[in-house]
Amino acid sequence: MPVLTSAPEAYADFTRGLNLGQYVAPLVFGTVLAAILALVVAVPLSIAIALFISHYAPKRLSGPVAYVIDLLAAIPSVVYGLWGFFWLVPRLGPAMDWVSQQLGWIPLFADYAPPAKNIASASLVLAVMILPIITAVSREVFLQTPRLHIEASLALGATQWEVARQAILPFGRSGVISASMLGLGRALGETMAVLMILAPFAKGVEIYSFHLLASAQHQTIAANIAQQIREAHGISVSVLIASGLALFAITLAVNMIARWIIARRAEFSGAN
């Protein structure tokens, strides 16, 4: 299996016969893996926070909480990267070491080596970054739920959870999907936070790895471009441009799939 190395060795490998697909494919893999892991963490938390703010929190509490969540979206990505590098990574290390020791027989949690500069740490930072986006959009959608739908559920004896499951969530399903796609778009294109946390590819490491706790086995397209652009010249620039085009294609595909899902579900939405 081909390997991907750090600059400038990566470009030397490329010129020695590693074709464009073999070079870009592991970057696409790392980009998609990090974004999916971030969504898995962020979407349930965002929906729970949005429900709490929109329907269950007291008014004197919902306003400040919503303000704090919205404020998180205005924090620059480099600040998230610094927070992840200096605060989160050192604290995740012992937990990841324990998980690897106890569950190392599962490939996902095997081969942890400190420090915790791996795809799992980067994905947690991405989850924190996209959480305010998904929460804000979902909250506004949930607030549009017709009051009659909620009151009808309560009149039939539904609990608070049943009201959310039977009235609020079905009405806001398309909005939640749209919010998730917005968050996914930011996760796919994030650069500085990922660059500051992820260790670069190690020479000789297989480029496709599901070992989430292992270091130096993943890299994203945007972080790779930012890392290598200063050393790039000649064909190296073309390689980076091609990888950027791959990221554009992924983002376009995600948006097209999201619009297709929303269009299919629109006729079943409570908004109609």
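The structure presented is a predicted model; accordingly, all values stated were derived computationally and were not measured.

This brings us to the overall build of the protein. Secondary structure summary: the protein contains 11 helices and 0 strands in total. If you list the helices and strands of the protein from N to C, you get α-α-α-α-α-α-α-α-α-α-α. By residue count, 44% of the 272 residues in the protein fall in the buried class. Sequence-distant contacts, at least 24 apart, represent 79% of the contacts inside the protein between residues at least 6 apart. Accessible surface computed for the protein: about 13,700 Å², of which carbon and sulfur atoms make up 68%.

Running from amino to carboxyl end, helix 6 (residues 147-155) crosses helix 7 (residues 160-171) at an angle of 145 degrees, the nearest separation of the two axes being 9 Å. Along this stretch, helix 6 crosses helix 7, giving a crossing that reads as right-handed. When helix 6 is examined against helix 7, the residues His-149, Ile-150, Ser-153 and Leu-154 are found in contact with a partner set consisting of Val-163, Ala-167 and Ile-168. The residue inventory of the contact of helix 6 with helix 7, partitioned by class, reads 5 nonpolar, 2 polar and no charged.

For the structure shown, the criterion picks out 4 aromatic pairs. Consider the rings of Phe-29 and Phe-210, whose centres lie 5.2 Å apart with planes at 90 degrees: the pair is edge-to-face. Of this pair, Phe-29 sits in helix 2 (residues 20-56) while Phe-210 is found in the loop between helix 9 (192-197) and helix 10 (221-228), placing the two residues 181 residues apart along the sequence. Relative to Trp-87, the ring of Trp-83 has its centre 5.8 Å away and its plane inclined at 15 degrees; by these criteria the two rings are stacked. With Trp-83 and Trp-87 both in helix 4 (residues 77-103) and 4 residues apart, this pair spans about one turn of that helix. Counting every residue linked through ring pairs, the aromatic cluster contains Phe-29, Tyr-208 and Phe-210.

Running from N to C, helix 2 and helix 5 (residues 119-143) cross one another at 40 degrees; their axes reach a closest spacing of 6 Å. Viewed along their axes, helix 2 and helix 5 adopt a mutual orientation that is oblique. The way helix 2 lies across helix 5 gives a crossing that is right-handed. Per-class residue counts for the contact of helix 2 with helix 5 are 23 nonpolar, 7 polar and 1 charged.

Cut-off values and rules
- All residue numbers here refer to positions counted from 1 along the written sequence of the relevant chain.
- Thresholds applied to this predicted model are a pLDDT of at least 70 for local features of residues and 80 or more for the giving and counting of side-chain atom pairs; totals over whole chains, interfaces and linings are not thresholded and use all residues.
- Working from all heavy atoms in the structure, the side-chain values ignore hydrogens and water.
- Here a helix means four or more residues in a row that DSSP labels H or I, a strand means two or more in a row labelled E, and each is numbered from the N terminus.
- Here's how the labels work: a residue is buried when its accessible area is under 20% of the maximum for its type, exposed when over 50%, partly exposed in between, all with a 1.4 Å probe on protein chains only.
- Should any heavy atoms of two residues lie within 4.5 Å, those residues are considered in contact.
- For every accessible area listed, the method is Shrake-Rupley and the probe measures 1.4 Å; residues are considered covered only by the protein chains on display.
- The axes used here are C-alpha line fits, helices contributing only the stretch in contact, and every angle between their N-to-C directions lies in the interval 0 to 180 degrees.
- Handedness of each helix crossing follows the sense of rotation of the near helix against the far helix: counterclockwise by less than a right angle gives left-handed, clockwise gives right-handed.
- The nonpolar class holds Ala, Val, Leu, Ile, Met, Phe, Trp, Tyr, Cys and Pro. Asp, Glu, Lys and Arg form the charged class, and all remaining residues, Gly among them, are polar.
- Note on aromatic pairs: the rings of Phe, Tyr and Trp (six-membered ring only in Trp) are paired at centre separations within 6.5 Å, and the planes decide the class, stacked below 30 degrees, edge-to-face beyond 60, tilted for the rest.
- Should an angle fall under 35 degrees it is called roughly parallel, over 145 degrees roughly antiparallel, and 65 to 115 degrees roughly perpendicular, with every other angle called oblique.

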